[in-house]
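# Results of the structural survey
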Amino acid sequence: MGVPWLSALWLVPVAGAAAVIVLPATAPRLAKSVGLAVSLAVLALAAVITVGFDSSGSGAAYQFVESHSWIPSFGAGYTLGVDGIAVVLVLLTALLVPILIVAGWNDGGTRRRGVHAYVALTLTVESMVLISLVSLDVLLFYVFFEAMLIPMYFLIGGFGHGQHRSRAALKFLLYNLFGGLIMLAAVIGVYVVTAQHGTGTFDFRAAVALFSPDSGVVDPGVLKALFLGFMFAFAIKAPLWPFHRWLPDAAVEATPASAVLMMAVMDKVGTFGMLRYCLQLFPDASTYFRPAIIVLAVIGVVYGAMVAIGQTDIMRLIAYTSISHFGFIILGIFVMTSQGQSGSTLYMFNHGLSTAAVFLIAGFLIARHGSRRIAAYGGVQKVAPVLAGTFLVAAMATLSLPGLAPFISEFLVLIGTFNRYWLAAVIGTTALVLSSIYMLWLYQRVMTGPVAHGNDGLRDLVPRELVVVAPLIALLLFLGFYPKPVLDIINPAVGHTMTTIGQQDPAPHNAEGPVP
């Protein structure tokens, strides 16, 4: 038996969280240092898994597989494995958490053991996201899909900086718990249906084989109902319009580091779940509901961009941009083309980098001034040129400027969408114009012009903050010009997904008809 890399991947942050909690209350700096060391160890494990992953397309669809009995009477097993899509998101998670710990180095409040709790909760969220990404058992996935809400609730409500953080945390929890309850019914339904046609199981691969349209043994109406149960929970988590209402409040009221952990890491489990569970378990149901989901995704793309334009709060504006970006990701998933799905997976990775960069830099600025209002700023580039310059790069990445990482992923999504739903692609491109308006206008009002009253004493980025920002900017630039290493991992997994759901890329068309 080989090294259980995937078990180590999620158990190391759990053990790290426990170690941080038992440290003396008089050693907050030690707690932060241990948390950072643990997160770097997780990054090293993720790097080992990424390097060892066979991305040639000739290997097994799922690699590093571990399988052990868990609850035999219910057909539940401890089964782990990764494909290329999961590997990329595992790497994103492991990369961002140490950056977020450094970014939130002064978070945790002044309460006794506050720093210990903050670091431990962050590591716990990381652990639960990682096991959700590598699980090949539906019940195991569901348990941690729901469990990650609890530490995130305390990070928002217990350590947030906003006046309404308790209300935002409760809103976050209730929305997601309700979606999870609907999904629980669908998870139970998976077991019941598999039990009716053999041995009841929660094994993802066995369920995919049984629910396949080629098998023809399960009532299509039942599969559609199960699909809706999963999709509802993932649409809230992602979030998809109109299930997004919890996100802006939670993002604004949390600390910047916790908000990035939520939007750039935890919420990706929702879009990952759509690719892994909705499409592969229920391919016919996904095709049946595809037009409705695409409509909602396109509305989300445009809605998020338009609402962002009217915001007066820096953090709320950035939060609404994520709603627009998640619309693009979901659009690429459900157009069911290889370009769309590769673009969506790459977009998940690039959105994590760009959101982390722009949100954290904005957080550094707000921590200096004390206000989130756009009107409170002006002329920042004259007193803090490095802060303004890095914010400009991050803002340009957010609006998908060519040469920065999100452009490639957004371009792939639009190409994949145009090949099947040209009108959706055309409407989606309007968000490119709208994003230019809200990000350039934000930069103009905050960073340019005369120095506003109270801004003349703003200091520039300090070394700790540069350590946070530099790797994010470097990756945005590198992947903007050379996304091949990530796409080489993603593409074989997308090919496997397309084969599993029985979809082929449509032939390109010109004005006279299909291109021969």
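Quantities reported herein were computed from a predicted structural model and do not represent experimental measurements.

Below, the discussion takes up the overall build of the chain. Along the backbone of the chain there are 21 helices and four strands. Against the 2.2 N^0.38 benchmark of 24 Å for 516 residues, the chain shows a C-alpha radius of gyration of 22 Å, consistent with a compact globule. The C-alpha extent of the chain, read off along each of the three principal axes, is 70 × 65 × 40 Å. Looking at the chain residue by residue over its 516 residues, the buried ones come to 59%. Within the chain, counting contacts between residues at least 6 apart in sequence, those at least 24 apart form 81% of the total. Carbon and sulfur atoms form 68% of the exposed surface of the chain, whose accessible area is close to 18,600 Å². Averaged over its 25 positive side-chain charges, the chain has a centre that lies 13 Å from the centre of its 22 negative ones.

Judged by nonpolar contacts, the single largest core of 197 residues is most densely connected at F172, F211, F230, M262, F282 and F334. Ranked by residue count, the leading element in this core is helix α3 (residues 84–103), at 16 residues. Apart from residues no more than four positions distant in its own chain, F230 is found in contact with V138, M183, A186, V187, V190, Y277, C278, L281 and F282.

What follows concerns the packing of helix α7 (residues 165–196) against helix α10 (residues 246–253). Any two packed helices are characterised by the angle at which their axes cross and by the distance between the axes. α10 packs onto α7 with a crossing angle of 140° between their chain directions and a minimal axis gap of 9 Å. One finds that α7 runs oblique with respect to α10. Helix-helix and strand crossings are classified by hand; for α7 and α10 the assignment is left-handed. For the pair α7 and α10, the contacting residues are R165, A168, K171, F172, Y175 and N176 in the first and W246, D249, A250 and E253 in the second.

Attention now moves to the confidence of the model for the chain. Mean pLDDT over the chain stands at 88; residues scoring 70 or higher make up 96%. Averaged pLDDT values over the elements of the chain bottom out at 49 in strand β4 (residues 513–514) and peak at 94 in α3.

Here the structure, examined in full by the defined rule, presents seven salt bridges. For R205, the salt bridge goes to D203, with nearest N and O atoms at 3.7 Å. One salt bridge connects R368 with E465, and the closest N-O pair in it is separated by 2.6 Å. Residue R368 is located in helix α15 (residues 338–369), and its partner E465 is located in helix α20 (residues 463–481); the two are separated by 97 residues in the primary sequence. Like E465, R368 is buried. Connected through shared salt-bridge partners, K171, D249 and R316 make up one network.

Its place among the elements puts S39 in helix α2 (residues 28–52). When the C-alpha positions of S39 and R167 are compared, they lie 30 Å apart, and in sequence the two are 128 residues distant. Each residue touching S39, except ones within four places of it in the same chain, is listed here: A94, V97, P98, I101 and L123.

With respect to the secondary-structure elements, H68 resides in strand β1 (residues 63–71). Along the chain, H68 and L80 lie 12 residues apart, while their C-alpha atoms are 9.1 Å from each other.

A separate point is the pairing of strand β2 (residues 76–82). Counting buried positions over the seven residues of β2 gives seven, a clear majority of the element. The alternating pattern of β2 places A76, Y78, L80 and V82 and G77, T79 and G81 on opposite faces, both of which are buried. As paired strands, β1 and β2 are joined by six bridges and run antiparallel to one another. Bridging from a neighbouring strand, S67 pairs with T79 of β2. Here β1 hands over to β2 after four residues, with G75 in that stretch at a positive phi of 70°.

Before going further, it helps to examine the environment of L181. With respect to the helices and strands, the residue L181 is situated in helix α7. With a relative accessible area of 54%, L181 lands in the exposed category. Linking L181 and G229, residues 48 residues apart in sequence, is a C-alpha distance of 8.9 Å. When residues no more than four places from it in sequence are discounted, the contact partners of L181 are Y142 and E146.

What counts and how
Residues numbered from 1 in each chain as written. Predicted model: local features only at pLDDT ≥ 70, side-chain atom pairs only at ≥ 80, totals over all residues. Heavy atoms only, no water. Helix = DSSP H or I, 4+ residues; strand = E, 2+ residues; numbered from the N terminus. Rg over C-alpha atoms; globule rule 2.2 N^0.38 Å. Buried < 20%, exposed > 50% of the residue type's maximum accessible area, 1.4 Å probe, protein only. Contact = heavy atoms within 4.5 Å. Areas by Shrake-Rupley, 256 points an atom, 1.4 Å probe, with all protein chains shown as cover. Lys, Arg positive; Asp, Glu negative; His and termini not counted. Charge placed at Lys NZ, Arg CZ, Asp CG, Glu CD. Core = buried A, V, L, I, M, F, W, Y, C linked by side-chain atoms within 4.5 Å. Axes fitted to C-alpha atoms, helices over the stretch in contact; angles between N-to-C directions. Parallel < 35°, antiparallel > 145°, perpendicular 65-115°, else oblique. Left-handed = near helix turned anticlockwise from the far one by under 90°. pLDDT = per-residue confidence, 0-100. Salt bridge = Lys/Arg side-chain N within 4 Å of Asp/Glu carboxyl O. Pairing = 2+ DSSP bridges.

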